[in-house]
Amino acid sequence: MAGASDDSGADLELVGITKQFPGFTAIENLNLTIPAGSFFALLGPSGCGKTTTLRLVAGLESPTSGRILIGGKDVTDTKPHQRPVNTVFQSYALFPHMTVLRNVAFGVSRRGIPDPLGRAHEALRLVELDHLAGRRPAQLSGGQQQRVALARAIVNRPALLLLDEPLGALDLKLRRQMQLELKSIQDEVGLTFLHVTHDQEEAMTMADTVAVMNRGEIEQMGAPEELYELPKTAFVANFLGQSNLFTGPVVSSGENSIIVEIAGTKLEVPKERAQRHSGTVTIGVRPEKLTLLTTRPVAASGVNVLGPGVVTDVSFSGVSTQYLVEMPGVGTVTVFAQNMVFGPVVNRGSEVWVSWTVEHGFGLADDERLEERSEAV
Amino acid sequence: MAFGAFSGETVVIEQPRRRSRAALWLLLPGVVYLAATYLAPLVSLVVTSLKTPDLTNFDIGRYQYAFEIGNYGHVIATYWPIILRSFGYSALATIFALLISYPLAYFIGVTLRTYPLWQALALILVIAPFFMSFLLRTLAWKAIFADEGPVIHFLQSLNILPANAHLNGTPFMVIFGLTYNFIPFMALPIYTSLERLDLRLLEAGSDLYANPGSTFLRVTVPLSLPGVVSGTLLTFIPATGDYVNASPQFLGSTQTAMVGNVISDTYFNLQDYPSAAALSIILMVLILIPVAIYLSVTKTEDLL
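Bear in mind that the values here come from a model prediction, so they are computed numbers and not experimental data.

## What about the overall build of chain A?
Turning to step 1, where the next piece is worked out: Across its full length, chain A holds 9 helices and 20 strands.
Turning to step 2, where the next piece is worked out: Taking the principal axes of its C-alpha atoms as reference, chain A extends roughly 75 × 50 × 40 Å.
Turning to step 3, where the next piece is worked out: When the 377 residues of chain A are sorted by exposure, 50% land in the buried category.
Turning to step 4, where the next piece is worked out: Considering only intrachain contacts with a sequence separation of at least 6, the fraction spanning at least 24 residues in chain A is 66%.
Turning to step 5, where the next piece is worked out: For chain A, the computed accessible surface area is about 15,900 Å², with 50% contributed by carbon and sulfur atoms.

Below you can see the structure in the form of structure tokens.
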């Protein structure tokens, strides 16, 4: 696609966007800036407003209030065909009456750019489908249609490429492969990608920045590792991977850490990893950060210990084994242990303790009321 | 880029092929029916069209078997202006019916899609005229447009029509009647096509820089073409042979006679059976030619 760049990515800015549909509010005062050239993922469960956000950017819906700026230009009141934006639709929406080549050339022809067919061939070569240019979409497999939809969008060199769960219809293996390929295409063409998905693994694999959306609002935004290692709300902690969460009062607050009492056990969390430092707080730790012990460990500084509890379930999944441990007064704790030895280390019914390094814990911003809200999701 | 892993994977759409004898037996009633009701009259029509007057019996309506191709030359020479007029009226009626039906079908099939109740009601309104004989409805138009009727009076009071004006018996009325009578045949197939139109394709069109007009021409129209083709054929073919609207008893006069009226006249009044049969066959062939051209241009044979 060399020599075809006119707009190579632009900032997207959403300012105070609210979108109301009859009877409900899909998006509430959304503020979001996506820098040019980035691969940005909007992650959330269905109905959280992520697809509506995408449609607002594409111009297929208009916001109830707020402004949309692309590359600093206000496009709020322009029609979809006037926006420098292209979408890869979830349904692909390929024109069934046109060949693959005509589909890809469609946008270029409409803008009156010379040599639409040549450019379409180039885009098809990028997705390695040029040999099928003469086919109709119905004659292609799902994965091939997806790539035609991608070629049809990127051939236009849009300032912003919108991806509406484009991999949702593909099987797992193809999806993993397409994720990597989309990512490398983005590197190659250098456009700004806005990807909407409910698949947390997909978002984390592909995006530079992930925004977790819930009920029309962004709960947390950041690099995938940051979101995973330091979730700020219970929703993020549970939606992005799994978490063990404990709620209890802060009993003391030191210079570097806070101590939270959970069912009589004192647990330490670093202050900079806790959102709140007083009152009743929810703290958490990821299952793979836990160590399973069959004897009561010697108390040491910098390590949290919980137990004893009873193993209620052991499930082997190849790379790791998942243990469910019933802790009296605390609830069920999930532990992922890498399979460094053959077979499970402990069996069902064993008495165990779990421990983790203080630095791996995190404290959430939710108060109890908020927590109930996220559990209801 | 490594698309190699599945770039070779191409779906070959296998047409299911069934070669079952049961299918042929199921076809039998249809074949017998067609042979009896279509093929036999057609043969009889061809045979009749080649007959000559019976030289042993000079009564009117007496003909004998012959091979008189001259009958065809004779009717073409006599009636070519009427044949031409039939095609002209029918073509105009088809165009008007299309211009009226397409927006109507679009409104019902696309705009009303989110209101299923209104959509059903609108469809019923399109079909409702069928509940009453089209002869009665056509006669009703005759009364409405009568010289002493309300429409002419109103137009005269606005000085749009002169005092001695009349509409019944004019080409305008015949084309009006044909258009009116065939609108449901045009609207329903188009509606069927548009009702299935995937609106996400229109969103894709606007996303790809096509303004609403361009999206309509490049996406909506091609995808509704099968309906347009069926509707056009369902209108054009019967309208060309129609003899009700153009007859002096209904909306026409002797000046507006169409080929159907001539066939009816030659058959019933003149009892010139060979001429009537020859005209019928000419009409059939003349309709087949533009229909074949139309179908090959629109290339939708497989969609019909």
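Having seen the model, we can carry on.
## Considering the nonpolar core
Turning to step 1, where the next piece is worked out: In terms of nonpolar packing, the biggest core is built from 56 residues, with Leu 12, Leu 14, Phe 95, Leu 162 and Leu 194 of chain A touching the most fellow members.
Turning to step 2, where the next piece is worked out: For this core, the element with the most residues is helix 7 (residues 171–195) of chain B, which contributes 6 residues.
Turning to step 3, where the next piece is worked out: Sequence-distant contacts of Phe 95 of chain A, that is, excluding residues within four places in its chain, are made with Asn 103, Phe 106, Pro 137 and Arg 152 of chain A together with Leu 201, Ala 204, Gly 205, Leu 208 and Val 219 of chain B.

## What about the packing of aromatic side chains?
Residue and element names in this part refer to chain B.
Turning to step 1, where the next piece is worked out: A full pass over the atoms with the stated rule returns 18 aromatic pairs over all chains.
Turning to step 2, where the next piece is worked out: Ring geometry for Trp 141 and Phe 176: centres 4.8 Å apart, planes at 80 degrees, overall edge-to-face. Within this pair, whereas Trp 141 is found in helix 5 (residues 134–144), its partner Phe 176 is found in helix 7, the two being separated by 35 residues in sequence.
Turning to step 3, where the next piece is worked out: For Phe 176, a relative accessible area of 24% corresponds to the partly exposed category.

## Here's the deal with helix 8 (residues 199–207) of chain B
Turning to step 1, where the next piece is worked out: Where burial is concerned, most of helix 8 of chain B is hidden: 7 out of the 9 residues are buried.
Turning to step 2, where the next piece is worked out: Against helix 1 (50–58), strand 6 (85–88), helix 2 (100–110) and helix 4 (142–154) of chain A together with helix 3 (70–109) and helix 9 (212–241) of chain B lie the buried residues of helix 8 of chain B.
Turning to step 3, where the next piece is worked out: Where helix 8 of chain B begins, the capping side chain belongs to Asp 198 of chain B, and its oxygen is found 3.0 Å from the backbone nitrogen of Arg 200 of chain B.
Turning to step 4, where the next piece is worked out: Immediately beyond the C-terminal end of helix 8 of chain B, within one or two residues, lies Tyr 209 of chain B, with a positive phi of roughly 70 degrees.

## Considering the pairing of strand 7 (residues 160–164) of chain A
All names here are of chain A.
Turning to step 1, where the next piece is worked out: Burial of strand 7 is extensive: 5 of the 5 residues sit out of reach of the surface.
Turning to step 2, where the next piece is worked out: The alternating pattern of strand 7 places Leu 160, Leu 162 and Asp 164 and Leu 161 and Leu 163 on opposite faces, both of which are buried.
Turning to step 3, where the next piece is worked out: Pairing geometry for strand 6 and strand 7, over 4 bridges, is parallel. Paired with Thr 87 across the two strands is Leu 162, which belongs to strand 7.
Turning to step 4, where the next piece is worked out: Strand direction decides the pairing type here: strand 7 and strand 8 (residues 192–197), joined by 5 bridges, are parallel. Paired with Leu 163 across the strands is His 195, a residue of strand 8.
Turning to step 5, where the next piece is worked out: Handedness of the crossover is the feature at issue here: the chain leaves strand 7, passes through helix 5 (residues 172–189), returns alongside strand 8, and the resulting connection is right-handed.

Cut-offs applied
- Residues numbered from 1 in each chain as written.
- Chains lettered and ligands numbered in written order.
- Predicted model: local features only at pLDDT ≥ 70, side-chain atom pairs only at ≥ 80, totals over all residues.
- Heavy atoms only, no water.
- Helix = DSSP H or I, 4+ residues; strand = E, 2+ residues; numbered from the N terminus.
- Buried < 20%, exposed > 50% of the residue type's maximum accessible area, 1.4 Å probe, protein only.
- Contact = heavy atoms within 4.5 Å.
- Areas by Shrake-Rupley, 256 points an atom, 1.4 Å probe, with all protein chains shown as cover.
- Core = buried A, V, L, I, M, F, W, Y, C linked by side-chain atoms within 4.5 Å.
- Phe/Tyr/Trp six-rings, centres within 6.5 Å; stacked < 30°, edge-to-face > 60°.
- Polar contact = N/O pair within 3.5 Å; in protein donor to acceptor, adjacent residues only side chain to side chain.
- Pairing = 2+ DSSP bridges.
- Right-handed = clockwise from strand over helix to strand, strands pointing away.

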